[in-house]
Amino acid sequence: MGGNESQGGSTGPAEGVPLGALSALLREIAAGPTPPAGGWASALRPGAVFGKFELVRQLGRGGFGEVWEARDRELGRSVAFKAVRAGARAGLREERLLREAEAAARLGHPNLVTLFELGKSDHGPYLILELLQGQTLEERLSQGRLSLREVVRIAAEISKGVAHAHSQGVVHRDLKPGNVFLCEDGQVKVLDFGLAHAFGQRRQEGGTPAYMAPEQWEGAPEDERTDVFALGVMLYRLLSGEMPFPEDGGRSVQGPRKAPLLEVGELPAIGELVARMLAKRPAERPRDGAEVAASLRALHDELERTPTGGTTRVRTRRSLLGRSRVIVAAALLAVAGPVVWRLWPRAPAPGVGSDARIVVAVADTANETGERELDALSGLLVAALEQSPGLSVVPRGRLFDLARQAGHRDLGRIDEIAGREAGRRAGVRALLVTSVHRLGSTYAMQLRALDPANDRDLFSDKGSVPSKEAIYDLVDRLADRTRAELLPGEVRARPAPSTRAVTSSLEAYEQYFRGRELAEKGDVEAAAAAYRRSLEKDPRFALAHRDLSIAVKALGATDVERRKHAEAALAGADTLPERERLLTQAWHAQTFWRFEESRRLHRTYVDRFGDDKRTLVRVGGILCYLQWDAEYGQKAAEKALLLDPLHAPARELLVDALVEAERPDEALAEARRWMRELPSPQATAALVYVLRSRGDLDAALRAIAAGEGLPGLSAVDRARLRQQRAYVHLYRDDLEAARREVEARVVPVAAHEWGAFSFPAELAYYRGRPREAERLLEAPGAFEQWALYVRFELLAAGGPGLALRAAARAVRQHAETADMLVAVVLALAGEHELAAEVASSPNAAADPSIRRLVEALRRRGSDLAAARGELDEIRRTARPYFVRQAATYALGEACYAAGDDRCAIEMLRAFGGMYRHHWRLVSRAWAYPRSLLLVARSQERLGDATGALATVEHLLGMWRHAEPDFAPLAEARSLRARLAAAGKRTSRPAPAARSPTSEASRE
């Protein structure tokens, strides 16, 4: 809508277009006669009447029609009458266009112009819209630059309207300043949302060249990120007064060169946002309008908090890195000519992945038989196709993600409609749609291959078999036909039969299929039950064994059960498709703690397969948390976030990987970005973890308080935040505050969540109440595996003895893979012979730092100097964080034993400040209070009676509710009495020891 169109107010859904009206009109137009030559040209004049609308005056021309002010003679109101020029009418018959047009017609949002009615005359179709008063953004730009605040406000309002449309599955495809209206009352409206496309004005006909994304120029599939690019161009122009790319027929947009960077002094982050929006590859842009809106909202809030002056200075700067690459490329081409050109990486053809394999997707089978086990036939077809090295099959979970991004909410299955949208976004060569029917004992299956990008059929096939058992053969035949069409010549190389390589039982596969669905929804317990039912039908089903092993690990089952299923899975791995075989072998290696093999296999998966965000996060978590491979943990997280920037587990993994990689500033920036863009309990927990690991405990408490103010928190969310606050209070040595948080947590967190279970017992021991800790570990509902381990950890406080050795045996029988931790705790407690034996087990020997630590602790009694040197080396270089924790504490003890009190104070205080706990030792519950006692003694020996008294008073404050017979309590009281008596004998304290902080700074 152009001209001075007056706002008539926003209307609700009741005043909008009835469901089905627009698609009916479009079908009628497509089926009817061609409008006369000239169409509307001779019909539009003041006083002309169309239906109940009388034209008053011309307002202007829009993107696909002419706009007039008109009077609704029935309702007595002024409206905007848009005479539509329909484009390529064949496109009006496309079902996907009709669906999107219908959604566009019913959009209702304050930032989108409202469509009241629609109709058809002899001259063509027309739309009746609300009448707006003001001017277009294009007209406003012709009058001069806008202030930074106004730019951010307008862009934020546009993005809110765009976000709403995207949430309904509608893409504009022609965002530009001429399609944004600035109303006189300050309201911002986006015009023509999705309707130009619906009426046949498609791609370059409908797009405006200066605002078109690379995929529009190339004729590639378009989605929400196409609108993000156009909005980025607008924002760039609003800020700088220039266009980011020259108007050269799309060559600059399609080429590798990036847009010049924007430097906005008052708001640097907006330049970064615009750069992301203008990324050439859609996957590198913000996912949709909602993500842009969240970023702009945060920038708007930042500006509101910051007083600004007059005109904002905005500079553009070409990336030095990009410029140097162009120079190098030009030099190479000049010297090497055809050789460099032949080797220069090219973008893959449509439907071809980065590894040169043909990309296909498989929709869920339309099962017309009523027999539930045939619901999963699409999975068997995927298994058959994955045997082909030349094909890459998009995972089903990825299809669900893409379909939801396209506006398909609450999907239960991937049907043809959702599959088309998902396949288009995934850039597949073919979407395979299957159906199965039954007539008597005969089963018939049909396959259609569709090209989602161009909405055309590729090929089809069908067949029938005399029994349900023979359906495997039918699926194999259809897979062969697909290979023959997409990969001529490869079909003969396929091992046969490929479907039976997965399982010979349809019932088993159907249960496995259900289990995978449940696992993706987060219901691990129900998924495990489905996998067990699957194995009842086929006890040799490798995939069911593997995924059951993974599930029971998450549920805290014994190592015996987990390993049994991992072994059974590996026995059948050779017949599985490559992706599944690799995951099965990697899981087996991890389950049996063959670390180097596991790391190699999991790294291979991250390198080769990047299209399943959930598996990437699981694999990245194994690499990051269990193998201390932060580099590949980060890589897996980043690949998952390319698939779904909103995937919370991937963002959590990315933050954790940066912490593990000792990159605290980057971890903090990422956690804050997550909290700013997508505030949630998960984002809060990640931010708190980073702040805590940095020792910024006050900031961590503020972050928790902010998280508790988020809307829509569940009771479990609030319980987890209380748990976070309890941890922070514990590390602040405010044990009573931590206890109050635990007691106020009325909704229990899941029993198998380690921190929620172990914390009350750990806290009781911190407070000097070992008998209370034991009662908590024996309480009904205590998690057996971890109860055994926590009890073993706390027994270590008493040093070597029969009880500790018996507890170690119980832990190892229940969880053999705990040997690494068991060896370290035994060594800390002085059980050196047993610690050495455990450290020699295959599990503990997987990381050499375990044995080195055990040997160093054993040598403390015979060669203290050598032990100190080895412990210092371990605390600085060991990969597992818990080994570094233990070595730091042990070095503090060794320094104290050697009489090196300054070293003892520095190391023991450093141990007290180690707040990370992916593999947290519960031993801290006794080791940390003991470290304070040793610090006080070292201060006393250095002559710092005042400092020693303050330290021991602090410790006794932690133990003010200790059980009366708690042995360390008497020791601390005795030390306090001695220090107090010494203080009375002298009025001048001895020189204080340097603090660990100043000592570390001096070094």
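About the thresholds
Think of each chain on its own: its residues are numbered from 1, step by step along the sequence as written. Under the rules for a predicted model, residues below a pLDDT of 70 receive no local features and side-chain atom pairs below 80 are neither given nor counted, while totals for whole chains, interfaces and linings still include all residues. The side-chain numbers reported here are obtained from all heavy atoms of the structure, hydrogens and water having been left aside. Numbering of helices and strands starts at the N terminus; helices are DSSP runs of H or I of at least 4 residues and strands are runs of E of at least 2. Whether two residues are in contact is decided by their heavy atoms, any of which lying within 4.5 Å being enough. Each accessible area is a Shrake-Rupley result for a 1.4 Å probe, and residues are judged covered by the shown protein chains and nothing else. Two strands pair if DSSP finds at least two bridges between them. Here, axes are lines fitted to C-alpha atoms. For helices the fit covers the stretch in contact, and angles between N-to-C directions go from 0 to 180 degrees. With a 1.4 Å probe rolled over the protein chains alone, any residue whose accessible area is under 20% of its type maximum counts as buried; one over 50% counts as exposed, and the rest are partly exposed. We define a polar contact as two N or O atoms separated by no more than 3.5 Å, with the added condition that, inside protein, one atom must be a possible hydrogen donor and the other a possible acceptor, whereas residues neighbouring each other in sequence contribute only through side-chain atom pairs. Only a pair of cysteine sulfur atoms within 2.5 Å counts as a disulfide in this structure description. In these notes, a set of buried Ala, Val, Leu, Ile, Met, Phe, Trp, Tyr and Cys residues joined through side-chain atoms within 4.5 Å is what counts as a nonpolar core. For this analysis, a salt bridge means a side-chain nitrogen from Lys or Arg found within 4 Å of a carboxyl oxygen belonging to Asp or Glu. Working definition: a ring pair exists when centres of Phe, Tyr or Trp rings (six-membered ring for Trp) sit within 6.5 Å. Plane angles under 30 degrees give stacked, over 60 give edge-to-face, the rest tilted. Lysine and arginine charges are scored as sitting over a ring when NZ or CZ, respectively, is within 6 Å of the ring centre and within 35 degrees of the ring normal. For classification purposes, an angle smaller than 35 degrees is called roughly parallel, one larger than 145 roughly antiparallel, one from 65 to 115 roughly perpendicular, and anything else oblique. Left-handed describes a crossing in which the near helix is turned anticlockwise from the far one by less than a right angle; the clockwise case is right-handed. Polarity classes work like this: nonpolar for Ala, Val, Leu, Ile, Met, Phe, Trp, Tyr, Cys and Pro, charged for Asp, Glu, Lys and Arg, and polar for all others, with Gly in that last group. Take the residue count of a helix, subtract one, and multiply by 1.5 Å to get its expected span.

*Asks:* Tell me what's going on with the overall build of the protein chain, and back it up with residues and numbers.
*Replies:* For the protein chain, the count of helices and strands is 44 helices and 17 strands. Of all intrachain contacts in the protein chain linking residues separated by at least 6 positions in sequence, the fraction that spans at least 24 positions is 65%. In the structure as shown, the protein chain presents an accessible area of about 41700 Å², 52% of it carried by carbon and sulfur atoms.

*Asks:* I'd like a rundown of the sheet that holds strand E8 (residues 180-183), residues and numbers included.
*Replies:* Here we have 3 strands laid out as an open sheet, ordered E7-E8-E9, and antiparallel in their pairing. Single-partner strands in this sheet number two, and they are strand E7 (134-136) and strand E9 (188-190). Taken over all neighbouring pairs, the strand axes of this sheet differ in orientation by 25° on average, direction set aside. In this sheet, E9 lies alongside E8 in antiparallel orientation, the contact comprising 3 bridges. Bridging from a neighbouring strand, Phe-181 pairs with Lys-189 of E9.

*Asks:* Talk me through the environment of Tyr-689; I want residue IDs and the actual numbers.
*Replies:* Tracing the chain through its elements places Tyr-689 in helix H27 (residues 681-693). For Tyr-689, a relative accessible area of 8% gives the class buried. With 39 residues separating them in the primary sequence, Tyr-689 and Val-728 have C-alpha atoms 9.4 Å apart.

*Asks:* Residues and numbers for the side chain of Asp-547, please.
*Replies:* Within the secondary structure, Asp-547 sits in helix H19 (residues 542-554). Within polar-contact distance, the side chain of Asp-547 engages the side chain of Tyr-512 at 2.9 Å. Among the polar contacts listed, one links the side chain of Asp-547 to the side chain of Arg-546, at a separation of 2.9 Å.

*Asks:* Outline the state of the cysteines, listing residues and values.
*Replies:* Here a disulfide denotes a covalent bond joining the sulfur atom of one cysteine to the sulfur atom of another. Under the defined criterion, the tally for this structure stands at 1 disulfide. Through a disulfide, Cys-895 is tied to Cys-903; the S-S separation comes to 2.0 Å. Taken individually, Cys-895 and Cys-903 each receive the classification buried, so the pair is uniform in this respect.

*Asks:* Got a sec to walk through the nonpolar core? Specific residues and values, please.
*Replies:* Residues Phe-792, Leu-826, Ile-850, Leu-853 and Leu-871 are the most contacted members of the largest nonpolar core, which totals 139 residues. Leu-826 has contacts with Phe-792, Leu-804, Ala-808, Glu-831, Leu-834, Ala-835 and Val-838, leaving out every residue within four places of it along the chain. One finds Ala-430, Met-445, Ala-470 and Ala-528 within the second-largest nonpolar core, a separate group that totals 51 residues.

*Asks:* Before we move on, can you summarise the pattern of salt bridges with the specific residues and values?
*Replies:* Counted by the stated rule, this structure contains 79 salt bridges. With its nearest N and O atoms 3.1 Å apart, the salt bridge here joins Glu-150 to Arg-153. Taken as a pair, Glu-150 and Arg-153 lie in helix H4 (residues 148-167) at a separation of 3 residues, close to a single helical turn. A relative accessible area of 25% places Arg-153 in the partly exposed class. Here Asp-174 makes a salt bridge to Lys-176, at a shortest N to O gap of 3.8 Å. On the basis of relative accessible area, Lys-176 is assigned to the buried category, the value being 19%. Among the ionic contacts, a cluster of salt bridges with common partners joins Asp-364, Arg-372, Asp-375, Arg-396, Glu-510, Arg-514 and Glu-517.

*Asks:* Can you lay out the packing of aromatic side chains for me, pointing to particular residues and giving the numbers?
*Replies:* Tallying each qualifying case throughout the model produces 21 aromatic pairs. Centre to centre, the rings of Tyr-889 and Trp-926 are 6.3 Å apart; their planes meet at 90°, and the pair counts as edge-to-face. In this pair, Tyr-889 sits in helix H39 (residues 881-897) while Trp-926 sits in helix H41 (residues 924-941), placing the two residues 37 residues apart along the sequence. Exposure remark for Tyr-889: the relative accessible area of 1% places this residue in the buried category. The class for Trp-926 is buried, based on a relative accessible area of 4%. Ring centres of Trp-959 and Phe-966 lie 5.2 Å apart, and the angle between their planes is 90°; this geometry places the pair in the edge-to-face category. Given a relative accessible area of 4%, Trp-959 falls into the buried group. Take Phe-966: its relative accessible area is 8%, and that puts it in the buried class. Every member of this aromatic cluster is reached through a ring pair, and the members are Tyr-509, Tyr-512, Phe-513, Tyr-531 and Phe-541. When the ring centre of Phe-911 is taken as reference, the NZ or CZ atom of Arg-924 above it lies at 5.9 Å. Over the aromatic face of Tyr-928 sits the side chain of Arg-924, whose NZ or CZ is 4.6 Å from the ring centroid.

*Asks:* Give a description of the packing of helix H29 (residues 715-731) against helix H30 (residues 735-744) that names residues and reports values.
*Replies:* At a minimum axis separation of 7 Å, H29 and H30 run at an interaxial angle of 165°. Between H29 and H30, the crossing angle belongs to the class labelled roughly antiparallel. H30 is crossed by H29, and the crossing has left-handed handedness. Taken together, the residues of H30 that come into contact with H29 (itself represented by Arg-722, Arg-725, Ala-726, His-729 and Leu-730) are Leu-735, Ala-737, Ala-738, Glu-741, Val-742 and Ala-744. Across the contact of H29 with H30, the residue classes tally to 7 nonpolar, 1 polar and 3 charged.

*Asks:* Explain the pairing of strand E3 (residues 65-72) to me, and be specific about the residues and the numbers.
*Replies:* Burial analysis of E3 places 7 of its 8 residues in the buried class, which makes it a mostly covered element. Bridge count between strand E2 (residues 53-61) and E3: 7 bridges; the pairing is antiparallel. Counted as the bridge partner of Arg-57 is Glu-69 from E3. Bridge count for E3 against strand E4 (residues 77-84) is 8 bridges, and the pairing is antiparallel. Looking at E4, one finds that Glu-69 is bridged to Ala-80.

*Asks:* Give me the lowdown on H29, citing residues and values where you can.
*Replies:* In a regular helix each residue adds 1.5 Å, so 17 residues correspond to 24 Å; H29 covers 25 Å between its end C-alpha atoms and thus fits that length. Among the residues trailing H29, Asp-733 stands out with phi positive, at a value near 65°.

*Asks:* Provide a residue-level description of the pairing of E4, including the pertinent values.
*Replies:* In terms of burial, E4 is a largely internal element, 6 of the 8 residues being buried. Between E3 and E4, which pair antiparallel and follow one another directly, the connecting turn spans 4 residues, one of which, Gly-76, has a positive phi of 65°. Pairing geometry for E4 and strand E6 (residues 124-129), over 4 bridges, is antiparallel. From the neighbouring strand, Ala-80 faces E6, where its bridge partner is Leu-129.

*Asks:* A description of the sheet that holds E6 should follow, citing residues and the corresponding values.
*Replies:* The antiparallel open sheet is built from 6 strands, whose spatial order is E1-E2-E3-E4-E6-E5. Both edges of this open sheet fall to strand E1 (49-50) and strand E5 (115-121), since each of them pairs with a single strand only. As paired elements, E1 and E2 share 2 bridges and run antiparallel to each other. Bridge pairing links Phe-50 to Phe-53 in E2.

*Asks:* How would you sum up unusual backbone geometry? Please name residues and give values.
*Replies:* The phi dihedral of Arg-173 falls on the positive side, at around 75°, and the residue is not glycine. Unusually for a residue other than glycine, Asp-733 sits at a positive phi of about 65°. Following the sequence through the fold, Asp-733 ends up in the loop between H29 and H30. Taking relative accessible area as the criterion, Asp-733 reaches 14% and is therefore assigned buried.

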